[in-house]
Amino acid sequence: MKLTGAQIVMECLAREGVEFIFGYPGGANLPLYDTLPQYPKIRHISVRHEQAAAHAADAYSRVTGKAGVCWATSGPGATNLVTGIANAWMDSVPLVCVTGSVVSWLIGRDGFQEADITGITLPITKQNYLVLDVDDLAQTMREAFHVATTGRPGPVLIDIPRDIQQQETEFTYPETVDIPSYKPVAKGHSGQIQKAAQLIKEAERPLILAGHGVIISQAYDELKELAERAHIPVICTLLGLGGFPGSHELFMGMPGMHGMYWNNMAIGDADLVIGIGMRFDDRVTGRLKDFASNAKIVHIDIDPAEIGKNVKTAVPIVGDVKAVLQELNPLVEPARHEEWMAHIQKIREEHPSIAIPNVKKILPQYVIQQVYEQSGKDAYFVTGVGQHQMWAAQYFWQDNPASFITSGGLGTMGFEVPAAIGAQFARPKNLVWSIAGDGGFQMTLQELATIAEYELPIKFAIINNNFLGMVRQWQHMYYEDNLQSVKMLQPDFVRLAEAFGIAGMRVSEKEDVIPAIEKAIRHPGAVVIDFEVEQHEDLFPAMPPGAALAETVDQPKFEEAREPKKVGTR
Amino acid sequence: MTTHTIVALVENRPGVLNRIASKWRQRGFNIESLAVGHSEVPGLSRMTFTVDGTTTDVDQVSKQMYKVIEVVKVADLTEHDMVHRELALVKVTAAPKDRGGILEIVDIFRAKIVDVATETVIVEVTGTEDKVDAFLEMVRPFGIKELVRTGRIAMARGGITPMAVEGVKGEEHRYRPAGEGKAKVGTLI
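Values in this document were obtained by computation on a predicted structure and should not be read as measured data. (Residues numbered from 1 in each chain as written. Chains lettered and ligands numbered in written order. Predicted model: local features only at pLDDT ≥ 70, side-chain atom pairs only at ≥ 80, totals over all residues. Heavy atoms only, no water.)

## Regarding the sheet that holds strand β14 (residues 380–383) of chain A
All names here are of chain A.
Then, in step 1: Taken in spatial order, the 6 strands line up as β15-β14-β16-β17-β19-β18 in an open sheet, and their pairing is parallel. Two strands in the sheet have a free side with no partner beyond their single neighbour: β15 (404–405) and β18 (503–507).
Then, in step 2: Pairing of strand β17 (residues 459–464) with strand β19 (residues 527–532) involves 6 bridges; the strand directions are parallel. Residue pairing in the sheet places Asn464 in a bridge with Glu532 of β19.
Then, in step 3: Taken strand by strand, helix α18 (residues 416–426) contacts β14, β16 (432–437) and β17, and its axis lies near 175 degrees from that of β16. (Pairing = 2+ DSSP bridges. Helix = DSSP H or I, 4+ residues; strand = E, 2+ residues; numbered from the N terminus. Contact = heavy atoms within 4.5 Å. Axes fitted to C-alpha atoms, helices over the stretch in contact; angles between N-to-C directions.)

## Some words on the interface of chain A and chain B
How big an interface is tends to be stated in terms of accessible area lost as the parts join.
Then, in step 1: Tallying the contact residues gives 26 residues for chain A and 24 residues for chain B.
Then, in step 2: Both faces considered, chain A and chain B share a buried interface measuring about 2,300 Å² in area, 54% of it formed by carbon and sulfur atoms.
Then, in step 3: For the pair chain A and chain B, the interface holds 1 salt bridge.
Then, in step 4: With a closest N to O distance of 2.8 Å, Asp303 of chain A and Lys67 of chain B form a salt bridge.
Then, in step 5: The tally of links between chain A and chain B comes to 9 residue pairs in polar contact (both at pLDDT 80 or more).
Then, in step 6: Among the elements of the structure, β6 (127–130), α7 (137–149) and β13 (315–318) of chain A are those that each provide at least two residues to the side of chain A that touches chain B.
Then, in step 7: A class-by-class count of the residues in the side of chain A that touches chain B yields 14 nonpolar, 6 polar and 6 charged. (Buried area = accessible area lost by both parts, 1.4 Å probe. Salt bridge = Lys/Arg side-chain N within 4 Å of Asp/Glu carboxyl O. Polar contact = N/O pair within 3.5 Å; in protein donor to acceptor, adjacent residues only side chain to side chain. Nonpolar A, V, L, I, M, F, W, Y, C, P; charged D, E, K, R; others polar.)

## Points about the domain arrangement of chain B
Then, in step 1: Partitioning chain B into domains gives domain 1 (2–81 + 157–175) and domain 2 (84–149).
Then, in step 2: Taking the mean C-alpha position of each, domain 1 of chain B and domain 2 of chain B sit 32 Å from one another. (Domains from an automatic or database assignment.)

## Here we look at helix α14 (residues 321–328) of chain A
Turn by turn, an α-helix covers 3.6 residues, leaving residues three or four places apart pointing in a common direction.
All names here are of chain A.
Then, in step 1: Taken as a whole, α14 has its buried residues at Val321, Val324, Leu325 and Leu328. Projected onto a plane normal to the axis of α14, the buried residues spread over an arc of 95 degrees and lie on a single side.
Then, in step 2: Buried-residue contacts for α14 involve α9 (190–202), α10 (212–216), α11 (220–230), β11 (272–276), β12 (296–301) and β13. (Buried < 20%, exposed > 50% of the residue type's maximum accessible area, 1.4 Å probe, protein only. Arc of directions from axis to C-beta.)

## A look at the packing of aromatic side chains
All names here are of chain A.
Then, in step 1: Summed over the entire model, instances satisfying the criterion amount to 21 aromatic pairs over all chains.
Then, in step 2: Look at Tyr33 and Trp71: their rings are 5.2 Å apart centre to centre, the planes differ by 75 degrees, and that puts the pair in the edge-to-face class. Of this pair, Tyr33 sits in helix α2 (residues 30–35) while Trp71 sits in strand β4 (residues 68–72); the two residues are 38 residues apart in sequence, bridging distant segments of the chain. You'll find Tyr33 and Trp71 in the same group, each marked buried.
Then, in step 3: A cation sits over an aromatic face here: Arg15 above Tyr173, 5.0 Å from the ring centre.
Then, in step 4: Over the ring of Trp262 we find Arg348, and its NZ or CZ is 4.7 Å from the ring centre. (Phe/Tyr/Trp six-rings, centres within 6.5 Å; stacked < 30°, edge-to-face > 60°. Lys NZ or Arg CZ within 6 Å of the ring centre and 35° of its normal.)

## Thoughts on the domain arrangement of chain A
Residues and elements named next belong to chain A.
Then, in step 1: According to the domain assignment, chain A contains domain 1 (2–170), domain 2 (190–350) and domain 3 (364–539).
Then, in step 2: Taking the mean C-alpha position of each, domain 2 and domain 3 sit 30 Å from one another.
Then, in step 3: Across the boundary between the two partners, domain 2 contributes 21 residues, which contact 18 residues of domain 3.
Then, in step 4: Of the roughly 1,500 Å² buried at the junction of domain 2 and domain 3 (both faces included), carbon and sulfur atoms supply 70%.
Then, in step 5: Three residues stand out in domain 2 for area buried against domain 3, namely Leu238, Leu241 and His258, and they jointly supply 38% of the buried area on that side.
Then, in step 6: Inspection of the domain 2/domain 3 interface yields 0 salt bridges.

## Examining the layout of surface pockets
Picture a little ball the size of a water molecule; that probe, rolled over the atoms, points out where space is still empty.
Then, in step 1: Of the voids in this model, the second largest pocket is the one considered here, and its volume is about 660 Å³.
Then, in step 2: For the second largest pocket, the lining is made up of 30 residues, of which Trp89, Arg152 and Glu306 of chain A together with Gln64 and Lys67 of chain B are closest to its centre.
Then, in step 3: Looking at the lining of the second largest pocket, the elements that each hand over two or more residues are α5 (82–90) of chain A together with α1 (16–26) and α2 (55–65) of chain B. (1 Å grid on protein atoms, 1.4 Å probe; cavity = no way out; pocket = protein on both sides within 12 Å on 5 of 7 lines; lining within 4 Å. Points joined across faces, edges and corners; volume = space filled by probe spheres on them.)

## Quick notes on the pairing of strand β1 (residues 2–11) of chain B
All names here are of chain B.
Then, in step 1: The buried fraction of β1 amounts to 8 of the 10 residues, a majority that puts the element mostly inside the structure.
Then, in step 2: Here 10 bridges tie β1 to strand β3 (residues 44–53), and the two strands are oriented antiparallel to one another. Residue pairing across strands places Glu11 opposite Leu44, the latter belonging to β3.
Then, in step 3: Taken together, the 5 bridges between β1 and strand β4 (residues 71–76) define a ladder with antiparallel strand orientation. Counted as the bridge partner of Ala8 is Val74 from β4.

Quick look at the structure:
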């Protein structure tokens, strides 16, 4: 079968089971767009900026577990993808990005809209390709999906010159992929797994730190089995939230810079820390030399480069989390750690961390908590980056796996709008909330047009404190309250939403919070709610930058007004 | 801080050198020397890096190098008994009255004169970096007009090779956990 390069791309996407392409057309990818009508099963979603295409594909991938696909033209189209690619790279999300490139004879000659995108994305892609021969295209596409989705997943970019998209060749789909230098191994080392089981047996104060790897390898049942069998409390990292049921008695919430106070203390008291599918990020560990100083560390991760990168490991196990846990669990002896649980429970009672003071003002965390309360258990939650993101993580005690979508490693403000698009396309029947910051929302709000065009019923809760809240808090706490460039003139978000044909609401009284959320959920279309929250609320617990976990400060404010709330039992 | 000799076997494809060099750059290493050429396996190139750093830091980058899809094998030869060599071409100012003196030094170092012109000679010298340095010191008084050095190439003594470890054909080696057993040629750590 003779096909053009562009048709080969589409054939390969179809065979990979791609449902959606998030993209933006331009001169160098016109042949690709020309073939779209021939492939009606693959839906192209027109975003308003290429960054949104990458973020939407990213969120789609996080929700479905499949590779996300995005397209852009050469030059500025491709460079606009860069933030989204870096975001996926940091959070190990499989993306396949197809960029059009200037015609092959102009490459390297500063042609119109030329950018060396394979060079630019080199450090933020798992692999990238510049296809200079149409006969290589099918193999390259196949390899790209294989590399993106296996081992530690990550973004892959394929740059295709326009003339290659137009050239014809005989198409045969490569049924298998064989890259001699790339053979990720899922199975863990049996000897190491036995050693881990032995350490778990000997431990009196064990802790599990569960990360994104649990969700990526869909090891929910295996993690639950391990935790229950050996009675080990489970702390989930920011990206690990949703990997373990929030209503479970062993679920402890998040650790780290803005994690639960009790977790940060427990990590110091533990005699065994089992890191599962996580990378001991600096926001989790605090000052490294004081991290888990009484504990032996077992580290399970698919990426050998993560082993020993930040912490010294007693037992490293390289492998897929699900496969390793399946082998580990039968070796683990059932145990109970009542004393240890009681110890953590005592810290929890003394430092409730996320108890919300009962005050007249609208506290941002109150709004976020109510969004969860009113949304039921099948909802998906997308966040931006900053204070609201941390509150969203702190109050996330949901059971639904992979239902918390956030930008972890890169911390990309503006993620909340396009990522909600990807999540809603992935789960068209489910409620999708975008918990947004007033700053981040303004970075990508042009995508409201995309939302209106495709009639996506996304609900936005803008946590509007009229500040870049996290930066304000840092300037307040660590820069002697020298507030610079954090108070910004805001648009009228309600009228802005209406300009896009989307319902807008403003909430400035506490008693209106719950009715507004309920109304938004009932509304069949998209809604933007502007929650005018307390402007100077600081986020706690907080660990100062460079400090150790033990130096975490729990809530100092509003102590008298607080109604202690038992967390985890809603 | 020690000087490490790292050998990488990689598939010979566009951009690989760039990707690998990038892994060192991301961790703030300065590559002291780098030599690239074909290996005994068709399609595989062999790169030899020398870098200064602590063993832990160098191990970390070596592991990062495996993230480059085309990398087949990485080995740190530093703690092994190895043969390492460098080749230099030196264009030395050689007025007729100085030629005798230069020839004498060339002889002592078992170097070779590979080009003669009226005012210059080109000398080819092979050996360890120390030997090349010593040779350069000796001819410097005559005047060095131009100098090129290849950077270190290295090979472990005896039967071991990076590819011939535990019958591995590019299979199990990639995800070998760190900290298991002693470092040896061909293992990741």
